[in-house]
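# Structural features, examined
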Amino acid sequence: MSQPGAGSRAAQYATNPPREMPKRSGTELALLAFAAFIVTSAFVLVQANQEQELSWDVVWYGLAYLAIFAVAHLAVRRWAPYADPLILPCVALLNGIGLVMIYRIDMAQAERAISLSQEVTENAPRQVLFTVLALALFLAVLIVVPDHRTLTRYAYTFGLVGIVALALPALLPSSLSEVNGAKVWLKLPGFSIQPGEFAKILLMIFFASFLVAKRDLFMAAGKRVLGVELPRARDLGPILIAAVACLGILVFEKDLGTALLFFGIVLVMLYVATERIIWVVVGLGLFLGGALIAYQLFTHVQQRVANWIDPLATYDDPGGGYQIAQGLFGLGTGGVFGTGLGAGRPETVPEANTDFITAALGEELGFVGLAALLMIYLLLAMRGMRGALAVRDTFGKLLGGGLSFTIIMQVFVIVGGVTKLIPMTGITTPFLSYGGSSLLANYILVALLLRISDAARRPQPAAKPRPQAQAPLAEAHTVMVQRPQPAEGGRTE
Amino acid sequence: MPELVVQLTRAGFLLLLWLFVLTALRVVRSDLYAASGLRVNVPSFRRGKERKKPRGSKTPRQLVVTHGALAGTRIALDGRPILIGRADDSTLVLDDDYASTRHARLSLRGDEWYVEDLGSTNGTYLDRAKVTAPLRVPLGVPIRIGKTVIELRP
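Given the structure is predicted, the values throughout are model-derived calculations rather than measurements.

### Re the overall build of chain B
In terms of helices and strands, chain B carries two helices and eleven strands. The N-to-C order of helical and strand elements in chain B reads α-α-β-β-β-β-β-β-β-β-β-β-β. Here chain B holds 154 residues, and 43% of them are scored as buried. For chain B, the proportion of contacts with a sequence separation of at least 24, taken over those separated by at least 6, is 35%. Accessible surface computed for chain B: about 7,800 Å², of which carbon and sulfur atoms make up 54%.

Here you go:
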C-alpha cells in the first residue's frame, strides 16, 4: 500500500466519474460529410427543378461548402479535441440548407426582376462570404479562448461593451441605424451590422459570471406569503434592470424580437442559477405587465397583435397581415410533404430569405422537412445543454445553458411568429436565414458551446493534488485500540 | 424533369434529412451508454475497429484476500456484483470489528470492475485513496476494508 510508485499509479484509476468519453472526431467527420452530401443534393435538386442545366455553380458552391467545414473540423480536432461531435455537423447542415434556400430565392427574384427589368441583387454569394467570415471568427474564438473560464476575468468589460453595443443604434440618428423601421443597425460605409446580435453573447457572458459571483443574493429567502417564498425586494434589482432595458429596446429600437429574446435569456439564466421557480413567475409577471403597457402605448405593437389575431383582416393595410398571410399560404401549399425543392413559389412572401425563411422551407420541404430541421435545432441545443450539465464549473454550466437556450428561444420566437403561434417579431432564424451579423454571432456562440463541451468531456488532468495531500491520513493503518475476541474464522460463500 | 423523378427526389430528400437526424440520435444514444459505463455502442462506421481489440488476457478472474483473518480466500468472478461486509448474505463475509454490515460492493460495468463504498463507518480504501464514489479497480491493486485487504487477479 505504501510501495513507491503508488502515487503515479493512483492517477491511473482515480478517474471519477469513471467516464472515458471517446473523442469521436471520426463521427464528426462522417456526419459532416453526410451534411455536405445532403446540401449538395439539395442544390442539385433546386437547379434541376428550376429547369436549368446543371451549371458549374454546383461545383463552386459545393466545394466552397466542403472546404469551409473541413477547415472547421480540423480546427476543432486541433483545438477542442474532446468537443461534442454533433454540434458542428448540425450547424453545418442548417447553414448549408439556408444557403441553398437563399440561392433558390435569389433565382426566383432574379426571374421576377428580369421580367420587370429591375436591378438584381444576389444574396447567396454574400451569404457564402459571411459564412467564410463567420468560420474565421469561429476559429479565432476557439484559438483565443483555450479555456472558457478565462472569460470570467473580462466579464465586466464584456458587460459594458455589450450594453454600449446594444444602446448604440438607439442613440445614433435614424439615418445611421434604421432599416425597415427597426433601429437596430449600425450602418458603416460598405456594410452594416446589427450590434445587438453580438451584445447578446457579451451580455450572456457577463450575466453568467455575475450570477456565479452573486448567487447567494438570489438564493436569500424573503418573506413567505401563501407558502411561497418571495425574493427580497432589493434583490429584484437585476431583473428589473433587465426588464427596463428590454422595454428600452422596444421603445427606442422598435425591435420586439430582440427584447423578447433578451428577457427570456435573463429569466432562464436566473432560474438555472437559483433553481427557484419564483424568479420565473416574477419574470413572467413583469413580461405580461410590460407587454400590456407596450400594447397600450405603441402602435406598432398593436399592429403586430392585430396581424397575429387575423392576418387576413389586415391583408391590404400597409404593414398589415400580408406577409404573415403569404407565409401561411406558403406553408399550406407545402402541406405535409412539400412541393419539392425548387418547385414552390417561396418568393411571393416578402423577406423570404430572412425572417420568413422557415415559411419558404416549409413550403418546399413540407411539414416533414421542417420538422426534421426543427429536430436538428433541438439536437443542437440538447448537446449544448448536455455539455453544460457535464462541465465541472458553475460559470460553464450557466453560460452553456444560456447559449443553448438562446438557440431554442430564437427558433421558437421566429418559427412561432411565422406559424402564427405568437405575434410575429422580426428576428433571424439562427444559421438558416440571410444576414451577416446573425451568422457571425451564432458562430461565436457555437464556438463557445464547443469549448464548453470540450471542457466537459476532457478527462481530468492526471496530476490531481488531492491524493498527495491526503497521503499521510490514507497511509495510516487502522490501529486497534482494544483487542477484540478471537475471530471465529470467516466464511466465504 | 419528368414528374416521376420530381416526386422521387422530393421524397428521397426528405428521407435523407431524417436519416441525418436518426444518425445523430444514434450518436446521442451511444453517448448515453458511454456515460452509464456500459459497453460503448459506437455507430456502425466504427464498429469494425472496436471489435478487433483483444480483451481476454487482462480481465480479472478472481478476487483474492491477501491480508486479514480470511487471508488466502479466493472468490471466482462471474460477473455478478460482490458484496463485502459483516452481513450474513454478503459474498465475502467479514468478521471484523472495523467492517460495517454492508461495507462495500464490487461490480462489473462494461468489462471493468468498480468498487463502491456502501456508507461504511471506517471507509474503503483503494490503494491509498478513500473510495467516495465508484472507482475503477485495476488488477493487483489492494482494496482495504477494515483489517482485510483484497485484490483482483487475472
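Following the structure, the description resumes.
### Examining the pattern of salt bridges
This model, assessed by the stated rule, comprises twelve salt bridges over all chains. Where E197 of chain A meets K200 of chain A, a salt bridge forms, and the shortest distance between an N and an O atom there is 3.1 Å. With E197 of chain A and K200 of chain A both in helix α8 (residues 195–213), this residue pair falls three residues apart, about one helical turn. Two residues, E116 of chain B and R105 of chain B, come together in a salt bridge whose shortest N-O distance is 3.5 Å. Residue E116 of chain B is found in strand β6 (residues 112–117), and its partner R105 of chain B is found in strand β5 (residues 104–109); the two are separated by eleven residues along the sequence. A relative accessible area of 31% places R105 of chain B in the partly exposed class. Each of the salt bridges in this network shares a partner with another, and the network as a whole consists of R451, D454 and R458 of chain A.

### Topic: the side chain of N442 of chain A
All names here are of chain A. Structurally, N442 can be placed in helix α17 (residues 436–457). Judged by relative accessible area, which is 0%, N442 ranks as buried. Apart from the residues within four sequence positions on either side, N442 is in contact with K200, Q410, P430 and F431.

### Thoughts on helix α13 (residues 299–309) of chain A
Residues and elements named next belong to chain A. By the burial criterion, the buried members of α13 are H300, V301, V305 and N307. On an axial view of α13, the arc spanned by its buried residues comes to 160°, and they lie on one face. Exposed positions of α13 whose direction lies more than 90 degrees from the buried face are T299 and I309. On its buried side, α13 packs onto α10 (237–253), α11 (256–274), α12 (277–297) and α14 (322–334).

### Remarks on the sheet that holds strand β11 (residues 148–153) of chain B
Residue and element names in this part refer to chain B. Spatially, six strands are ordered β2-β1-β11-β10-β7-β8 in an open sheet, and the strand pairing comes out antiparallel. A strand with exactly one partner marks an edge of an open sheet, and here the two such strands are β2 (74–76) and β8 (129–130). Relative to β11, strand β10 (residues 143–145) runs antiparallel, the two sharing three bridges. The partner of R144 across the bridge, within β11, is V149.

### Section: the packing of helix α15 (residues 357–390) of chain A against α17 of chain A
Residues and elements named next belong to chain A. Direction vectors running N to C along α15 and α17 enclose 45°, while the axes themselves pass 8 Å from each other. By the angle between their directions, the pair α15 and α17 is classed as oblique. The way α15 lies across α17 gives a crossing that is left-handed. Across the interface between the two elements, R383, G384, G387, A388 and A390 of α15 pack against L449, I452, S453, A456 and R457 of α17. Split into classes, the residues belonging to the contact of α15 with α17 amount to five nonpolar, three polar and two charged.

### Remarks on the confidence of the model for chain A
Residues and elements named next belong to chain A. With 83% of its residues at a pLDDT of at least 70, chain A reaches an overall mean of 81. Note on residues 1–19: pLDDT is under 50 here. Beyond four places in sequence and across chains, it has 35 contacts. Across residues 489–493 the pLDDT falls below 50, and counting only partners more than four positions away or on other chains, this stretch makes eleven contacts in the model.

### Remarks on the environment of V411 of chain A
Residue and element names in this part refer to chain A. The topology assignment puts V411 in helix α16 (residues 394–418). Considered as a pair, V411 and T333 are 78 residues apart in the sequence and their alpha carbons are 22 Å apart. With near-sequence residues (within four places) excluded, V411 lies in contact with L374, Y377, G416 and P430.

What counts and how
- Residue positions are counted from 1 within each chain, in the order its sequence is given.
- Whichever chain is written first is A, and whichever ligand is written first is 1; the rest continue in order.
- The predicted origin of the model limits local features to residues at a pLDDT of at least 70 and limits the giving and counting of side-chain atom pairs to 80 or more, whereas totals for whole chains, interfaces and linings rest on all residues.
- Side-chain measures here rest on the full set of heavy atoms in the structure, leaving out hydrogens and waters.
- By definition, any uninterrupted DSSP run of H or I lasting at least four residues is a helix, any uninterrupted run of E lasting at least two residues is a strand, and each is numbered from the N terminus.
- Exposed residues in this analysis have more than 50% of their type's maximum accessible area, buried residues have under 20%, and partly exposed residues fall in between, with area computed by a 1.4 Å probe over protein chains only.
- When checking whether two residues touch, look at their non-hydrogen atoms; a contact exists if any pair is within 4.5 Å.
- Here the open area of atoms and residues is found with the Shrake-Rupley method and a 1.4 Å probe, where only the protein chains shown may cover a residue.
- We define a salt bridge as a side-chain nitrogen of Lys or Arg found within 4 Å of a carboxyl oxygen belonging to Asp or Glu.
- What the arc covers is the set of directions going from the helix axis to the C-beta atoms.
- Two strands qualify as a pair provided that DSSP identifies no fewer than 2 bridges between them.
- A fitted line through C-alpha atoms serves as each axis, taken over the contacting stretch for helices, and the angle formed by two N-to-C directions is quoted from 0 to 180°.
- If an angle is under 35 degrees, it is roughly parallel; if it is over 145, roughly antiparallel; if it lies from 65 to 115, roughly perpendicular; otherwise it is oblique.
- By definition, any crossing whose near helix is turned counterclockwise from its far helix by less than a right angle is left-handed, and any crossing with a clockwise turn is right-handed.
- Think of it as three bins: nonpolar holds Ala, Val, Leu, Ile, Met, Phe, Trp, Tyr, Cys and Pro, charged holds Asp, Glu, Lys and Arg, and polar takes everything else, Gly as well.
- By definition, pLDDT measures how confident the predictor is in each residue, and it falls between 0 and 100.

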